[in-house]
Amino acid sequence: MSTWVWPEMLGRVPPPAVRLVGVLAPARHWRTALTSAVPFARLCSSATVLPSAVTVAEDYVTNGMLRSRLYGVAVLTADPDGAVGLELPGPAEEDRVIDVDLATSSAVRWMHEVLYDRVLATTPAPAD
């Protein structure tokens, strides 16, 4: 698969079958959510979804919000009654820093292939 990103293969390799446009990481604790979202923050929009009670805790206010802002991860809150709110917006699209070398790496191509496999596994087979 690493040959797919070689310059001499340009125009010969098909484009990825899926494109990662965003990652949403729901969790009960901000550290767990950030652990899931941050690896993708340099590739696409990333956000965490936390219980609203977590976002008023001192640990989140002094550490979690700062780290979310530092890594460019948006934070959404969810109430037990189902209401969702925006705690911390992510960076604007023009302000996002995308690592071009990473985005064109064989590791990212492999990730797209894994995502495509998951899409195929969850998509019902067409009826004959």
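Basis of the calculations
- Residues numbered from 1 in each chain as written.
- Predicted model: local features only at pLDDT ≥ 70, side-chain atom pairs only at ≥ 80, totals over all residues.
- Heavy atoms only, no water.
- Pairing = 2+ DSSP bridges.
- Helix = DSSP H or I, 4+ residues; strand = E, 2+ residues; numbered from the N terminus.
- Axes fitted to C-alpha atoms, helices over the stretch in contact; angles between N-to-C directions.
- Contact = heavy atoms within 4.5 Å.
- Expected span 1.5 Å × (residues − 1).
- Bend = angle between axes of the 7 residues up to and from the residue.
- Buried < 20%, exposed > 50% of the residue type's maximum accessible area, 1.4 Å probe, protein only.
- Core = buried A, V, L, I, M, F, W, Y, C linked by side-chain atoms within 4.5 Å.
- Arc of directions from axis to C-beta.
- Parallel < 35°, antiparallel > 145°, perpendicular 65-115°, else oblique.
- Nonpolar A, V, L, I, M, F, W, Y, C, P; charged D, E, K, R; others polar.

(A) View of the sheet that holds strand 1 (residues 22-26). Pairing within the open sheet is mixed, and its four strands lie in the order 1-2-3-4. Each edge of the open sheet is held by one strand with a lone partner, namely strand 1 and strand 4 (84-88). Sheet twist, expressed as the average angle between the axes of neighbouring strands with direction ignored, equals 25 degrees. Relative to strand 2 (residues 45-51), strand 1 is paired through five bridges, and the arrangement is parallel. Its bridge partner being in strand 2, Gly22 is matched across the sheet by Ser45. In the packing of helix 1 (residues 30-37) onto the sheet, the strands contacted are strand 1 and strand 2, and the crossing angle to strand 2 comes to about 160 degrees. Strands in contact with helix 2 (residues 58-71) are strand 2, strand 3 (74-78) and strand 4; relative to strand 4, the strand with the most contacts, it is inclined by about 85 degrees.

(B) Expanded view of helix 2. With 14 residues, helix 2 ought to run about 20 Å at 1.5 Å a step, and its terminal C-alpha atoms sit 20 Å apart, in line with that. Remark: the principal bend of helix 2, roughly 35 degrees, maps to Gly64. What helix 2 keeps buried is the set Tyr60, Gly64, Met65 and Ser68. Buried residues in helix 2 make contact with helix 1, strand 2, strand 3 and strand 4.

(C) Focus on the nonpolar core. Ranked by internal contacts, the top residues of the largest apolar core, which has 14 residues, are Trp30, Leu50, Tyr60, Val73 and Val75. Ranked by the residues each element gives to this core, the list is headed by helix 1, at four residues. When neighbours within four sequence positions are excluded, Val75 is seen to be in contact with Thr48, Leu50, Tyr60, Ser68, Gly85, Leu86, Glu87 and Leu88. Listed in part, the six residues of the second largest apolar core include Leu20, Val23, Leu43 and Val108.

(D) Expanded view of the environment of Cys44. Turning to its location among the elements, Cys44 is positioned in the loop between helix 1 and strand 2. In the structure, Cys44 is positioned 29 residues away from Val73 in sequence and 10.0 Å away in space, judged by C-alpha atoms.

(E) Structural view of helix 1. Those residues of helix 1 that sit buried are Trp30, Ala33, Leu34 and Ala37. The buried side chains of helix 1 occupy one side of the element, clustering within an arc of 95 degrees when seen end-on. Those residues of helix 1 that are buried lie in contact with strand 1, strand 2 and helix 2.

(F) Structural detail: the packing of helix 1 against helix 2. Two elements in contact, helix 1 and helix 2, have axes whose closest approach is 10 Å; the angle formed by their N-to-C orientations is 10 degrees. Viewed along their axes, helix 1 and helix 2 adopt a mutual orientation that is roughly parallel. Here Trp30, Arg31 and Leu34 of helix 1 come into contact with helix 2, specifically with Asp59, Tyr60, Asn63, Gly64, Arg67 and Ser68. Partitioned by chemical class, the residues of the contact of helix 1 with helix 2 number three nonpolar, three polar and three charged.

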